[in-house]
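Structural features, examined
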Amino acid sequence: MERNYWVRTEHGRIWGPYTISALERLRGQLTDKCEASLDGKEWLPGADFPELRGLLMPARKIERTAPIQPVGPRISRAMAAAFGIGEETAQIAGPPPAAAQQPPQPARPPQAAPQQQPPQPARPSQGAPQQQPPPPEPPAPPKRKPPVMQQTPEKLEVPDSGDLAKLSPVRLYALAALTNASGSARLIPEDGRLLQIVFRRGTPEHVSADDPDFSLLCFLQMKGYLQAEKARVAEEQAAKSGQDVVAALFQLQLIPAADAHRLFGEHGVFLLDRAFACWRGKFTFDKEAVPPPGSFPLGSRWGLLVDAMRRLEVASVRARVGKRLSRPVVRSGGLGVGKPEELGLNALETRIYASIDGTKSGEELLRTHDASTALRLLYLLTELGHLAFAEVSEETAAEPARAPAQPSAPQPAATPQPAKPAAAPPLPKTTRAAPRPPAAQRPAPPVMKAAAPVLQATPAKPAAPAISRPPPTFAQGPDGESVEAMLARLSALWERLSQADHFEALGLDRKTASPAETKRSFFVLAKELHPDTVSDPAQAALREIKERLFARINEAAQVIGDENRRKGYEAELDGKAQNVDVARIFAAEENFQRAEILIKARKYQEGLDLLEQAIEMNPEEAEFYALRGYAKFLAAKDRKQSYEECAADCRKAVKMFERCLPAHLYLGHMAKMLGDLKAAKKGYSRVLELDEGHVEAQRELRLMGTKG
């Protein structure tokens, strides 16, 4: 059975018990300040659970790069040249003065071998030509510094304005996400159609466009949620009443209130795709702008970005990358925006990223892997700075042929050492690489060849002969199986594996299963069940069932493959498992979300009915009581008389969990409406103590301060 977790946010919101796959729905809402529990009673930091770390977003700060800025990254001269980092801003590893003093070629004879070979006075003049041809190579790195790449922003912050051709919407979005920026990014493409993305603490909460073709009504018609005639009625109603289209849609009941949250989120993602498709134009960023009322996070900041990249047109991406695909792809060594592990790459994208060792060009990567996936991944990671296309000049390509040509002339005079001509080609890799940095002119082979063995090293292979149990075959289907038959077979398999323990899910024997056998079983099953094996968009149902099955075997492999987690899991199998009505918890959460939408639409009684159902199904959720008290206050005819009863619900929520931020916020709102500014300030101040970046509480205190 899958392990269940309770998760408590820093604001007091409790979710659970959910499985890992169910908690994926909360990705983007959980930070590293969250706490987790296996029984709902004893709470530990979420980071103490390795299986939850992938869902927790680190709390980043803008001053993250401040200590690095004045010093510059400590990298090799070749990497500095490849990424356009000037020597004045980077700490170059190795002795830089030697390369700086050797550009003039006439200085070669004075640097002859007498300093390096004092015991051979008979060959000072002839030995110099044999060992000195390589030294003229040091001047090459300064010549190959691309001046354009030096304009790449060193400081990781969102600029106030700029050119989209130099700072793409992808990187602009990533900078806002990384620095937890709040404000409005206005993109003005060459066609003049304005797109606006409003961020709150790095997460997009509102996206709009002035193009009528991108409006909410057109989007609902395009998706088939709304007919053209009803859309026209809603538009006329909005113009007549002076309200926005959303309010008109609610009044006319043209969209279900329970589906509004999902539909608005889909429209926001649709506009994000249009924003990332902008190539040329201008942009501005207003740090004072705040999301409009009713806005909500569209999802995980990095998840939204990666998903949008997966939907980009291949032809457009190839046009942006251009001829750079012919160059070697190298890693930045930690100079990118954010961390690659935060992006949530899928299995195929992770394999492509792991195969980048600096020796393959972009075209080679496209031929080796799925071309469309590799192309989109290269574009994303180069825009974020995790990868770069190395600068390879024609001079660098000609140097290996020119180096042996020069020692060939004095070679007859060096007859006592006939073996030296054969040893000349390896010199750039061995003799010269150690004492001098010139060999770093070709950064990819020396830097990335060291990483290649790490990717290919498989010390666990000798343990393979110890595996005696045959690999599992229950995921394999017959030859020529139709899509319908495969879907039925895998659905039945899901029903079985969802009820099985981790050992049965991988086809293992609990008593004899070894780490090597666990790893092998997982890879055998993954070949059949990985969702990337379904490439036809029309087979969405088949891909969905494979995603479930792959997540199931992946969780089983992670638990059984880890010795400590396996011991804990086996202890659960021996009698510590608990039965929890997960469906009831899910239903309560869904009722709460629907109630929030109805209350925002001023349908208080309908929202209160759903809240009562949610509390009945899950009476341990503090936020349910807080929202019920606030909704009762808003619906009351005499708010002053009903204040104590409504505030009692909020105080109950605070008693259940003192850090319940919505409860303090609602208490402040109610006190402000009744004119009790002292109590209102107390509530808003407590909100800021819990979340110092809470925009609504800051605004209320600012307005109250100006009135006072």
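What you see is a predicted model, and the numbers here were worked out from it, not measured in a lab. (Residues numbered from 1 in each chain as written. Predicted model: local features only at pLDDT ≥ 70, side-chain atom pairs only at ≥ 80, totals over all residues. Heavy atoms only, no water.)

Side note on the nonpolar core
Counting residues in hydrophobic clusters, the biggest one holds 74 residues, and the most contacted among them are Leu249, Leu305 and Met309. When sequence neighbours within four positions are dropped, the list of residues in contact with Leu249 reads Leu216, Leu217, Leu220, Leu226, Ala234, Leu254 and Ile255. One finds Phe592, Phe624, Ala626 and Ala631 within the second-largest nonpolar core, a separate group that totals 33 residues. (Core = buried A, V, L, I, M, F, W, Y, C linked by side-chain atoms within 4.5 Å. Buried < 20%, exposed > 50% of the residue type's maximum accessible area, 1.4 Å probe, protein only. Contact = heavy atoms within 4.5 Å.)

Observations regarding the side chain of Ser521
Position of Ser521 relative to the elements: it lies in helix H22 (residues 515-529). Relative accessible area serves as the criterion here: at 1%, Ser521 is assigned to the buried category. Excluding residues within four positions of it along the chain, Ser521 makes contact with Pro472, Leu506 and Leu508. (Helix = DSSP H or I, 4+ residues; strand = E, 2+ residues; numbered from the N terminus.)

A short note on the environment of Glu364
Among the secondary structure elements, Glu364 is positioned in helix H14 (residues 362-368). Judged by relative accessible area, Glu364 falls into the partly exposed class, the value being 31%. In the structure, Glu364 is positioned 38 residues away from Ser326 in sequence and 8.3 Å away in space, judged by C-alpha atoms.

As for the sheet that holds strand S3 (residues 35-37)
Pairing within the open sheet is antiparallel, and its 4 strands lie in the order S2-S1-S3-S4. The open sheet has two edge strands with one neighbour each: strand S2 (14-18) and strand S4 (44-45). Note: strand S1 (residues 5-8) against S3, 3 bridges, orientation antiparallel. Opposite Trp6, over in S3, you have Ser37 as the bridge partner. (Pairing = 2+ DSSP bridges.)

Some remarks on the pairing of S1
The side-chain alternation of S1 yields two buried faces, one formed by Tyr5 and Val7 and the other by Trp6 and Arg8. The pairing of S1 with S2 spans 3 bridges and is antiparallel. Within S2, the position partnered with Tyr5 by the bridge is Tyr18. Counted along the chain from S1 to the antiparallel partner S2, the turn is 5 residues long, and its residue Gly12 has a positive phi close to 95°.

Focus on the sheet that holds strand S10 (residues 203-209)
Here we have 5 strands laid out as an open sheet, ordered S7-S11-S8-S9-S10, and antiparallel in their pairing. This sheet does not close on itself; its edge strands, each paired only once, are strand S7 (161-163) and S10. Strand-to-strand twist of the sheet, defined as the mean angle between neighbouring strand axes without regard to direction, takes the value 15°. Looking at chain direction, strand S8 (residues 183-189) and strand S11 (residues 281-286) are connected through 6 bridges and run antiparallel. In the sheet register, Pro189 faces S11, and the bridge partner there is Gly281. Against the sheet, helix H6 (residues 169-178) contacts S8, strand S9 (195-200), S10 and S11, and its axis sits at roughly 175° relative to S8. (Axes fitted to C-alpha atoms, helices over the stretch in contact; angles between N-to-C directions.)

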